[in-house]
Amino acid sequence: GGMGGGADLFDILAGRGGRRPQQGMKKGQNVVHQLSVTLEEIYMGKTRKLRMRREVIEQGSMQVCSECGGKGMNIRVVRMGPMIQQVQEPCRACEGQGSQYRSSQVQEVMEVVVPKGAPDGYKLTFHEKADEIPNGIPGDVIFVLQEQPHSEFRRKGSDLYVKRKISLVEALCGFRMELTHLDGRKLLIKTAPGQVVSPVAFDPFKDDEEVEWETHLNMDCPELETIAKADTDDVEKLKHVIAKGQLRGKGVGAFRVKDGKSQFYRATAEEVHKSLKPSKGSVLYTLADPTKAAASRMMLAVKGEGMPVFKSPMEAGSLFVMLEIEFPSSIDEAAAAALKKALPPPLTTTNVKDDDAEFDVVTLEPVDPVMSYKQNLYDMAGDATQEEEREHGGGGVQCAQQ
């Protein structure tokens, strides 16, 4: 049959296009299979030949059921005491199909083409390749791609990420490293002459919904379009409403809190900053400048060496190298003096000597912040219980007054 409207180009090229069912025509059940694919297979593309069994109706064997006359239902008379009742039930001879036929199981080979750069969960549909049904068209066979974790590469969209550890010397003076790509090619990755590698705190796999806000005291932007108001000054709740609640995707660029109430403005970050005006008692929260946020996210990458762009396989994303800089545990004084001469001057300086009586001299040491927090955690619940016991005479139970 002809292709249905809006058929996927990859389905058409692979011979998976199906006809559009006529109005009122039954369609059989779809059959869904999970297909595990490696990152290498997605990177290079892959054709798999899979043997599938399906039920096929023998040609010329279809005939109207003689028991129900093709209706698929029979009327049965049931006597219940003095009453006689007619009950409609599916025909047992044709199992409610209205037709009788002979069928057989056949084995077919399906060529499943995994397109380059296909996303995790992508569905490859073979139209009308499920079991045949009487007086209708077969359902579809659907393969759902399940991307398998890789031992070295991680994927996000069309970008690839690898982790590597380098020394402080390499971070300051440059490095050269080898990498075997997903298609077996060997890459020599190197920094540019004079390039210094800085630590990056940005995590590309963290929740994308997290946004940064800037706080402006005694400021407002009343000329902007107000799209919503709220009777609360709970800033975290207001941010949540914008990121994941009712105002998600509504173009909110700022919100103002004043006198226990809040107001939301629709605007770009640039429009907000241009319209700032003093407003006593107001606290304005604006989306962080995207250019500043981008600067903090910059990571080293090789452009064009990521995953092929899905449905545009001649293009490719970037290959990011997530670098962890290993610092030395200590350094001798002579080396430190040499480094001071070679590196830019310190940003924090002081003329205070260690024996200055006006200062308490303290030294930094490694501390686990999680353990420190737990060790000194204030037990508010326990304190409240003790306070309640003191108020009620220590037993927590009030005596009935005579």
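Quick caveat, the model's predicted, so the values are computed rather than measured. (Residues numbered from 1 in each chain as written. Predicted model: local features only at pLDDT ≥ 70, side-chain atom pairs only at ≥ 80, totals over all residues. Heavy atoms only, no water.)

Explain helix α4 (residues 235–244) residue by residue, including any values.
Listed in full, the buried residues belonging to α4 are V235, L238, I242 and A243. Mapping the buried residues of α4 onto a view down its axis gives an arc of 130°, with all of them on the same face. Residues E236 and K237 are exposed on α4 and point more than 90 degrees away from its buried face. Where α4 is buried, its residues touch β16 (213–220), β17 (225–230), β18 (252–258), β19 (261–266) and β20 (277–287). (Buried < 20%, exposed > 50% of the residue type's maximum accessible area, 1.4 Å probe, protein only. Helix = DSSP H or I, 4+ residues; strand = E, 2+ residues; numbered from the N terminus. Arc of directions from axis to C-beta. Contact = heavy atoms within 4.5 Å.)

I'd love a proper account of unusual backbone geometry, names of residues and values included.
Positioned with a positive phi, N218 is a non-glycine residue whose angle comes to about 55°. Note on placement: N218 falls in strand β16. At D259, a position not held by glycine, the phi torsion is positive, near 55°. Tracing the backbone shows D259 in the loop between β18 and β19. A relative accessible area of 71% places D259 in the exposed class.

Tell me about the confidence of the model for the chain, residues and numbers included.
In this model, the chain carries a mean pLDDT of 84, and residues with pLDDT of at least 70 account for 86%. Looking across the chain, the model is least confident in helix α1 (residues 9–13), with a mean pLDDT of 50, and most confident in helix α2 (residues 39–44), with 97. Throughout residues 1–7 the model reports pLDDT below 50, and contacts reaching past four residues in sequence, or to other chains, amount to 12 contacts. Confidence over residues 394–402 falls short of pLDDT 50; this stretch has 4 contacts with residues more than four positions distant or in other chains. (pLDDT = per-residue confidence, 0-100.)

Describe in detail the packing of aromatic side chains, supporting the description with residues and values.
Following the criterion strictly, the structure yields 7 aromatic pairs and no others. Ring geometry for Y161 versus F205: centroids 5.0 Å apart, planes at 65°, classification edge-to-face. In this pair, Y161 sits in strand β13 (residues 159–167) while F205 sits in the loop between β15 (186–190) and β16, placing the two residues 44 residues apart along the sequence. Taking the centre distance of 4.8 Å and the plane angle of 10° together, the rings of Y161 and F320 count as stacked. Of the two residues, Y161 is situated in strand β13 and F320 in strand β22 (residues 312–326); the sequence distance between them amounts to 159 residues. Assessed through its relative accessible area of 16%, F320 is described here as buried. What links up through ring pairs into an aromatic cluster is the set W213, F255, F264 and Y285. In this structure, R154 is placed above the aromatic ring of F205, and the distance from its NZ or CZ to the ring centre is 3.7 Å. (Phe/Tyr/Trp six-rings, centres within 6.5 Å; stacked < 30°, edge-to-face > 60°. Lys NZ or Arg CZ within 6 Å of the ring centre and 35° of its normal.)

Explain the sheet that holds strand β21 (residues 301–309) to me, using residue names and the numbers behind them.
The 4 strands lie next to each other as β12-β13-β22-β21, forming an open sheet whose pairing is mixed. Two strands bound the open sheet, and with one partner strand each, they are β12 (154–156) and β21. Within this sheet the neighbouring strands show an average axis-to-axis angle of 40°, counted without direction. (Pairing = 2+ DSSP bridges. Axes fitted to C-alpha atoms, helices over the stretch in contact; angles between N-to-C directions.)

Run through a nonpolar patch on the surface, naming residues and quoting values.
Together, L172, V196, I331, L339 and L343 make up a nonpolar patch on the protein surface, roughly 390 Å² of accessible area in all. Take I331: it is sitting in the loop between β22 and α7 (333–342). The class for I331 is partly exposed, based on a relative accessible area of 47%. (Patch = residues over 30% accessible without salt bridge, like charges linked within 9 Å, V, L, I, M, F, W, Y side chains within 5 Å. Areas by Shrake-Rupley, 256 points an atom, 1.4 Å probe, with all protein chains shown as cover. Salt bridge = Lys/Arg side-chain N within 4 Å of Asp/Glu carboxyl O.)

Hey, could you go over the sheet that holds β16 for me, with residue numbers and the actual values?
The antiparallel open sheet is built from 5 strands, whose spatial order is β16-β20-β18-β19-β17. Edge strands, defined here as strands with exactly one partner in the open sheet, are β16 and β17. Direction aside, the axes of adjacent strands within the sheet are offset by 25° on average. Strand direction decides the pairing type here: β18 and β20, joined by 4 bridges, are antiparallel. Among the inter-strand pairings, A254 is bridged to a residue of β20, identified as T286. Here α4 sits on the sheet in contact with β16, β17, β18, β19 and β20, set at roughly 155° to β18.

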